[in-house]
Amino acid sequence: MQFQQLRREETWGYYMMQGGSRSRSGGNMPREEPMEKVARVASESAVVIFSVSSCCMCHAVKRLFCGMGVNPTVYELDHDPRGADIERVLMRLLANSSAVPVPIVFIGGKLIGAMDRVMASHINGTLVPLLKEAGALWL
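Going by the annotation in an unreviewed UniProt entry, the name recorded for the protein is Glutaredoxin domain-containing protein, with Citrus sinensis given as the source organism. UniProt lists a comment for the protein under the heading Subcellular location (unreviewed entry), and it reads "Cytoplasm". Recorded in UniProt under Sequence similarities (unreviewed entry), the annotation for the protein is "Belongs to the glutaredoxin family. CC-type subfamily."

Structure below.
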């Protein structure tokens with residue numbers, strides 16, 4: 001059984017702690033493949049943002065969600081030694097999108113996309129219903 005460590009940040013929701021996962025017995029768990037890690041992380045919280053800490057677009061999407069009262073789980077790729085592998089997986093999931101690699105947003109375990117898709121959903125009014133359906137908003 002794996003345990004995910006989360007810590008609360010003042011500004012954003014929850015940040016994924018990087019480092020080796022450990023089992024109850026203290027031994028190292030087998031290393032996850034990047035696609036498995038993306039699927040697991042994306043399904044564990046109502047809103048997950050794969051981000052790079054120095055990215056201004058990532059900052060903007062975090063501000064958008066926090067301003068709406070949503071506490072996203074933020075996975076900072078530049079804090080993970082395998083972040084580049086995870087970023088490649090995310091780009092494959094986006095297929096032929098011309099979007100920049102980050103931020104990539106999942107809501108309710110479903111891939112929403114990069115900043116352009118999130119903003120389009122916000123502007124056309126479909127973002128709030130998605131957030132409510134995922135349990136990220138209660139109003």
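Having seen the model, we can carry on.
(A) Just the pairing of strand S5 (residues 104-107), in detail. Here S5 shows no split at all, with Ile104 and Phe106 on one side and Val105 and Ile107 on the other all buried. With 4 bridges joining them, strand S3 (residues 47-51) and S5 adopt antiparallel strand pairing. Paired with isoleucine 49 across the two strands is valine 105, which belongs to S5. Judged from the 3 bridges that link them, S5 and strand S6 (residues 110-113) form a sheet pairing that is antiparallel. Counted as the bridge partner of phenylalanine 106 is leucine 111 from S6. Linking S5 to S6, which pair antiparallel, is a turn of 2 residues; within it glycine 108 sits at a positive phi near 60°.

The rules behind each value
Residues numbered from 1 in each chain as written. Predicted model: local features only at pLDDT ≥ 70, side-chain atom pairs only at ≥ 80, totals over all residues. Heavy atoms only, no water. UniProt positions renumbered as here; feature names shortened; annotations may be inferred. Buried < 20%, exposed > 50% of the residue type's maximum accessible area, 1.4 Å probe, protein only. Helix = DSSP H or I, 4+ residues; strand = E, 2+ residues; numbered from the N terminus. Pairing = 2+ DSSP bridges.

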